[in-house]
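Fold and geometry: a report
Now for the letters of each chain:
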Amino acid sequence: MPVSVKSAMALDTVSAQNIDRFFTAIKSLNELDKREIRSVVNAAFHPTERETYVTLNYHRAAINIEHLLTLTDLRQFQTITMIARSVLETAVEMRLMTTDPDFVPKIRLFIESEKLRSAQRVVAFKAKTPTAKVETTPYVQYIAANEQRIIQEKASMWPGASRVSHWSLMSMEARCKKLGLAFEELYEVHYAQMSWYVHSGVTGVANATGDTLSLLCGVAFDLVMRCYAIILELVINEFKIYHVDEHLKDKLVFAKMLPFTDSDAERGALARALGLA
């Protein structure tokens, strides 16, 4: 098994190399991120609310990526697949934001709405279970201060909606379909598969061999690699970092593809094809 990741089972050489390439591609993208993107984002002075929401999603993805890069033992397949699903969801969220010019007030209100819903559940539970040792004062105060306003704003923002489970009023499946074939493929092919390891039950592990679970990690690494590249390109566009370096998007492609080259000649050809040499 290559040095980047290790498996409890002995995989064939090609499978082991491919898993390692995908993992190394994530590492390569992360190095580019830290070297040329993150400092620009973090240096944003008085970011707009739009930039703040983009940045928060980006930081959540970056934290997941850096956690993933510590998981070099494929026996951690559950955590690896959980992270893969989360990074996919973040890529979808950030891409969807670019399609809706009104996403900022929708997200702002959705945040408040979710806090209200959570507070109402706590207070309702305490009301029907008075002996429960649950402190409800801050929840009651939040409800009293915000409930009527939030209800009115929701009725104005999403008229006729009986339930708002996402600011777009779309399911994850519907969001991916809206974003086009590339995202629809990621959802239809991978989302349920990754979800088996997030939720309880044995669907993902019943009758699975060690080889199967190791190969699953390769699938998860490939998914993360693709979604991380999408996220970084969205950040580059949002903060117009391409004005600082007109070749940054080409460097992004180079970082993603570099681990799939096998010689200096191939690496040189890749760099020349992207205008980097």
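Here the structure is a predicted model, which means the values were calculated and not measured. (Residues numbered from 1 in each chain as written. Predicted model: local features only at pLDDT ≥ 70, side-chain atom pairs only at ≥ 80, totals over all residues. Heavy atoms only, no water.)

**Concerning helix α3 (residues 77-97)**
The end-to-end C-alpha distance of α3 is 30 Å, a good match for the 30 Å that 21 residues give at a rise of 1.5 Å each. Taken across its 21 residues, α3 has 16 buried, putting it largely inside the fold. (Helix = DSSP H or I, 4+ residues; strand = E, 2+ residues; numbered from the N terminus. Expected span 1.5 Å × (residues − 1). Buried < 20%, exposed > 50% of the residue type's maximum accessible area, 1.4 Å probe, protein only.)

**A short note on the pattern of salt bridges**
A full pass over the atoms with the stated rule returns 19 salt bridges. With a closest N to O distance of 2.8 Å, D33 and R38 form a salt bridge. The pair formed by D33 and R38 is uniform in burial state, with each residue classed as buried. With a closest N to O distance of 3.5 Å, D222 and R226 form a salt bridge. Separated by four residues within a single helix, D222 and R226 lie in helix α8 (residues 210-238), roughly one turn from each other. Within this structure, R35, E36, D245 and K251 form a network of salt bridges that share partners. (Salt bridge = Lys/Arg side-chain N within 4 Å of Asp/Glu carboxyl O.)

**A word on the nonpolar core**
Core analysis: the largest hydrophobic core is formed by 74 residues, its most contacted members being I26, I37, F221 and V235. In terms of residues, this core owes the most to one element, α8, which gives 16 residues. When sequence neighbours within four positions are dropped, the list of residues in contact with I26 reads I65, L68, L69, F221, V224, M225 and Y228. (Core = buried A, V, L, I, M, F, W, Y, C linked by side-chain atoms within 4.5 Å. Contact = heavy atoms within 4.5 Å.)

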